[in-house]
Every structure is written in structure tokens, then in C-alpha cells.
Amino acid sequence: MPTFEVFPVTSATEQDMFVNVPWVVYSGDPNWVPPLRSDVAKQFKPENTFFQYGRLKQFIAISRGTAIGRIVAAVNDRLVEREGKPIGIFGFFECVDDIEVAKALFAAAENWLRSQGMTEVRGPIDLSTHNNCLFLVDGFDSPPMVMMPYNPAYYPTYLETLGWTKAKDAYAYDFPLDKPLSPEFEKGYRIACKSGVTFRPLRTKGEEFEQDCVSLYNLFNKAFANNWSSTPRTLEEFLDEARSLQDLVDPDVFPIAEYNGEMIGFWMGLPDYNIPLKYVNGKLNWIGILKFLWYRRQINQGRVIAICSLPEFQRKLVPLGLIYLGLQGGIKKGKPYKRAELSWVYEDNDRSRKLIEASGGKIYKTYRMYEKQL
């Protein structure tokens with residue numbers, strides 16, 4: 001007889017248990033970075049804009065009064081509309097090392113998705129790919145960088161055992177900053193400037209920050225509209241996320257490219273705030289804030305989230321110019337960065353992969369998205 005029970009989350013107490021599952025699963029794992037509990041909890045509050053275009057069901061596995069697993073089944077109507085088929089998603093999956101618990105959790109999620117008329121499911125996706133998604137399948141020997149996933153090595157094995165198949169892989173590239181860039185990148189920067197392109201840092205204060213974020217939003221929609229499995233965000237959703245990151249931005253590693261006053265490209269870099277977050281243990285109370293401020297002094301690396309240029313400006317070598325400026329900003333005097341991660345890049349994104357590899361990046365972590373027919 002099973003020693004656990006799986007059921008939907010229906011109370012505040014069960015919601016707290018749902019949020020706490022990772023602290024059970026990752027106990028003793030030196031590479032795990034605890035998420036902020038408040039960030040996880042707010043995903044399920046009625047004011048989350050996801051509920052304007054989607055629906056979900058949370059499940060937990062309980063054993064002897066302790067939550068030992070969790071999963072969320074969701075229907076994102078924007079994804080269904082974009083792909084033209086009834087495809088659901090799963091996310092927020094965490095589970096102790098017990099295949100029977102995982103099997104029961106996925107069975108509950110899949111049954112709920114069938115009840116919603118879904119015939120296929122993809123994941124892990126925490127409601128949308130703008131949030132946490134993907135499972136780590138290779139590169140478990142180091143902590144994740146800021147806003148990147150991490151999971152036990154047995155998760156991919158469990159999914160494959162339960163009939164899930166690979167949908168697509170994605171890579172994280174390691175980029176040491178102690179080696180000079182090829183001269184071609186500075187040359188590309190000079191050519192872009194001669195073509196009338198201007199470069200500047202992202203503005204991070206007041207109304208200027210808001211203006212830059214609106215431009216970033218418009219550029220995202222133009223450049224990444226066809227990204228696989230992605231769904232459009234409203235300006236409100238984009239600005240909410242941008243404001244949450246406003247105080248974390250280092251303008252020296254966030255260069256903007258403009259042409260005739262219009263934003264046409266950017267290099268989005270962030271310091272690796274996972275380093276201080278590891279000591280906060282999921283709570284930004286006054287003690288957590290003090291720990292964060294103290295340990296942020298240890299930050300010595302950063303993550304490049306995106307390199308973007310409108311297609312018509314790639315011929316003007318804007319991507320090379322952005323890479324040159326982003327990396328120069330990272331190694332300028334007084335900066336602490338010793339390495340960067342460029343992530344994530346889908347395996348079939350040949351243009352970006354060639355550019356990153358030409359600049360010296362090496363794949364050091366692999367992530368995977370899975371699918372299953374219901």
C-alpha cells in the first residue's frame with residue numbers, strides 16, 4: 001500500500017506546504033539556490049494576470065504530514081491559440097527520490113488536463129516560458145545562475161520512464177572573461193557606428209527607465225514573436241517583471257543599440273544574484289535583506305539573458321557591437337566579473353549559437369523540454 005496521498009491544493013495550509021516542498025527535496029544539496037517563497041506564492045494569487053487567459057490545478061503529495069512532492073497542470077489559452085492544438089503544460093514539479101510519488105503526481109496532472117480537453121502536454125513550464133522552465137539534464141556540478149532552473153539528476157530519468165519524450169534541448173554557454181575577444185567584434189562595433197547606429201547603457205532611474213522598458217517590450221515583440229513555445233505578454237506583465245529587476249541591473253552590462261532614436265537591439269546582462277540569494281533561504285525579511293546586501297559583495301559573475309538585433313540591422317553588425325560593448329563593460333576597471341553565462345539558447349538556434357561560439361562560449365549545461373500525448 002502507498003505511504004503517501006496525492007490531492008489538489010484547496011486550503012491556505014496546503015498552499016504553504018506546496019511552497020515548502022523544495023526545502024524537503026533539496027535538503028543538503030550544495031548547488032540548490034532557494035527561490036523566494038513570496039515569488040512562488042504570488043503565482044497562484046487571483047491577481048496574477050495568468051488567470052485572465054489560463055487556468056490551473058495544483059497537486060501535492062503528502063506522507064505522514066509532510067509534503068514530499070508537487071506539480072501544477074495548466075492550460076495557457078495563448079499557447080493553445082498560437083499552436084492551434086489543445087496542448088497543456090505542467091510546471092512547478094518537485095519530488096523526493098521516489099518514482100511512485102512522481103508517477104502519482106503526473107497521473108493527477110494528466111487526468112486534469114484531459115478533463116480540460118487537452119490531448120498533449122509539454123513541460124516543465126511554470127505557466128509560461130517567461131517564467132522558470134526546462135529541466136537540467138547535464139551540468140549538475142555547479143549552481144544555476146540567476147533566473148535559471150536547477151533540479152535533481154533523477155527528474156529527467158523519471159520523465160523518460162513515465163513515457164515522456166524530448167521536445168527540444170537548450171544550452172547554457174560558459175564564457176570566461178580573462179581571454180580577449182577576437183578583433184572582429186571591435187571591428188563590428190566600429191562598422192555599426194559608421195552606419196549610423198548609436199550605443200548607450202540602459203537607463204535605470206525614474207521615467208527614463210519606464211521609457212526604455214516600453215522600447216524593450218516593443219523590440220521583444222518584434223524580435224522574439226516566433227520563439228518556440230513562447231506566448232505574448234502584455235505591456236503590463238512586461239513592466240511588472242522589469243520593475244522587479246530594476247534595482248538589480250548593472251547598466252555597464254546592458255548596452256542598447258539605437259538608430260534614428262529608435263531602439264533596434266540590446267544585450268541583456270544581469271549580475272548573478274543567485275550568489276547572495278543562496279544565503280537568504282527564500283525569505284526577504286529584514287534579516288534576509290541584510291544577508292542579501294552583505295553577500296552581494298561576493299558576486300563575481302553574470303548571466304547574459306538575451307542578445308537581440310532586428311534582422312535588418314544584423315547586416316550592420318549590430319550583434320557584434322553589442323557583444324563587444326557588453327563584454328567590455330563587464331571587464332572594465334572596478335568590475336568584479338570573472339565569467340559570464342549566455343543562456344538559454346535552443347539547440348536549433350543556429351545563428352545565435354554560431355555567434356556565441358565564435359566569441360569563445362562553450363556549452364557547459366544542457367536543459368530539456370519534454371512532451372507527451374495524453
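For the structure itself, look to the data block above.
These numbers were taken from a predicted model, which means no experiment stands behind them. (Residues numbered from 1 in each chain as written. Predicted model: local features only at pLDDT ≥ 70, side-chain atom pairs only at ≥ 80, totals over all residues. Heavy atoms only, no water.)

> So what about the overall build of the protein chain? Which residues, and what values?
Looking only at helices and strands, the protein chain features 13 helices and 13 strands. If you line up the protein chain on its principal axes, its C-alpha atoms span 70 × 45 × 40 Å. Every one of the 374 residues in the protein chain was classed for burial, and the buried ones make up 52%. Put simply, of all contacts in the protein chain between residues at least 6 apart along the chain, 78% involve residues at least 24 apart. For the protein chain, the exposed surface amounts to about 17400 Å²; the carbon and sulfur share of it is 51%. On the protein chain, the mean spot of the 45 positive side-chain charges and the mean spot of the 45 negative ones are 4 Å from each other. (Helix = DSSP H or I, 4+ residues; strand = E, 2+ residues; numbered from the N terminus. Buried < 20%, exposed > 50% of the residue type's maximum accessible area, 1.4 Å probe, protein only. Contact = heavy atoms within 4.5 Å. Areas by Shrake-Rupley, 256 points an atom, 1.4 Å probe, with all protein chains shown as cover. Lys, Arg positive; Asp, Glu negative; His and termini not counted. Charge placed at Lys NZ, Arg CZ, Asp CG, Glu CD.)

> Account for helix α1 (residues 12-25), with residues named and values stated.
Given a rise of 1.5 Å per residue, 14 residues ought to cover 20 Å, and the 21 Å separating the end C-alpha atoms of α1 matches this to within 8%. Val 19 marks where α1 bends most, by close to 40°; the proline Pro 22 follows one to four residues later. Looking at α1, one finds that the buried residues are Glu 14, Gln 15, Phe 18, Val 19, Val 21, Pro 22, Trp 23 and Val 25. Looking at the packing, one finds that the buried side of α1 touches β1 (5-8), α2 (37-42), β2 (54-63), β3 (66-76), β4 (87-95) and α5 (154-161). (Expected span 1.5 Å × (residues − 1). Bend = angle between axes of the 7 residues up to and from the residue.)

> Run through a nonpolar patch on the surface, naming residues and quoting values.
A surface patch of nonpolar side chains, about 250 Å² in accessible area, is lined by Leu 284, Ile 289 and Leu 293. With respect to the secondary-structure elements, Ile 289 resides in helix α10 (residues 286-295). The exposure class of Ile 289 is partly exposed, given its relative accessible area of 40%. (Patch = residues over 30% accessible without salt bridge, like charges linked within 9 Å, V, L, I, M, F, W, Y side chains within 5 Å. Salt bridge = Lys/Arg side-chain N within 4 Å of Asp/Glu carboxyl O.)

> Give a description of the packing of aromatic side chains that names residues and reports values.
Going through the model one piece at a time under the given rule, you end up with 27 aromatic pairs. When the centroid spacing of 5.0 Å and the interplanar angle of 70° are considered together, the rings of Phe 90 and Trp 164 count as edge-to-face. Pair noted here: Phe 90 is in strand β4 and Trp 164 is in the loop between α5 and β7 (165-176), with a separation of 74 residues, a long-range link. Residue classification places Phe 90 among the buried positions, given a relative accessible area of 1%. Three or more aromatic residues joined by ring pairs form one cluster here, namely Phe 90, Phe 93, Phe 106, Phe 135, Tyr 154, Tyr 155, Tyr 158 and Trp 164. The side chain of Arg 37 reaches across the aromatic face of Trp 23, ending 3.8 Å from its centre. One Lys or Arg, Arg 70, reaches over the ring of Phe 18 and ends 4.7 Å from the middle of that ring. (Phe/Tyr/Trp six-rings, centres within 6.5 Å; stacked < 30°, edge-to-face > 60°. Lys NZ or Arg CZ within 6 Å of the ring centre and 35° of its normal.)

> Let's hear about the side chain of Asn 76: which residues, and what values?
On the secondary structure map, Asn 76 appears in strand β3. In this structure Asn 76 touches Phe 50, Tyr 53, Ile 89, Leu 127, Ser 128 and Thr 231, once residues within four positions along its chain are discounted.

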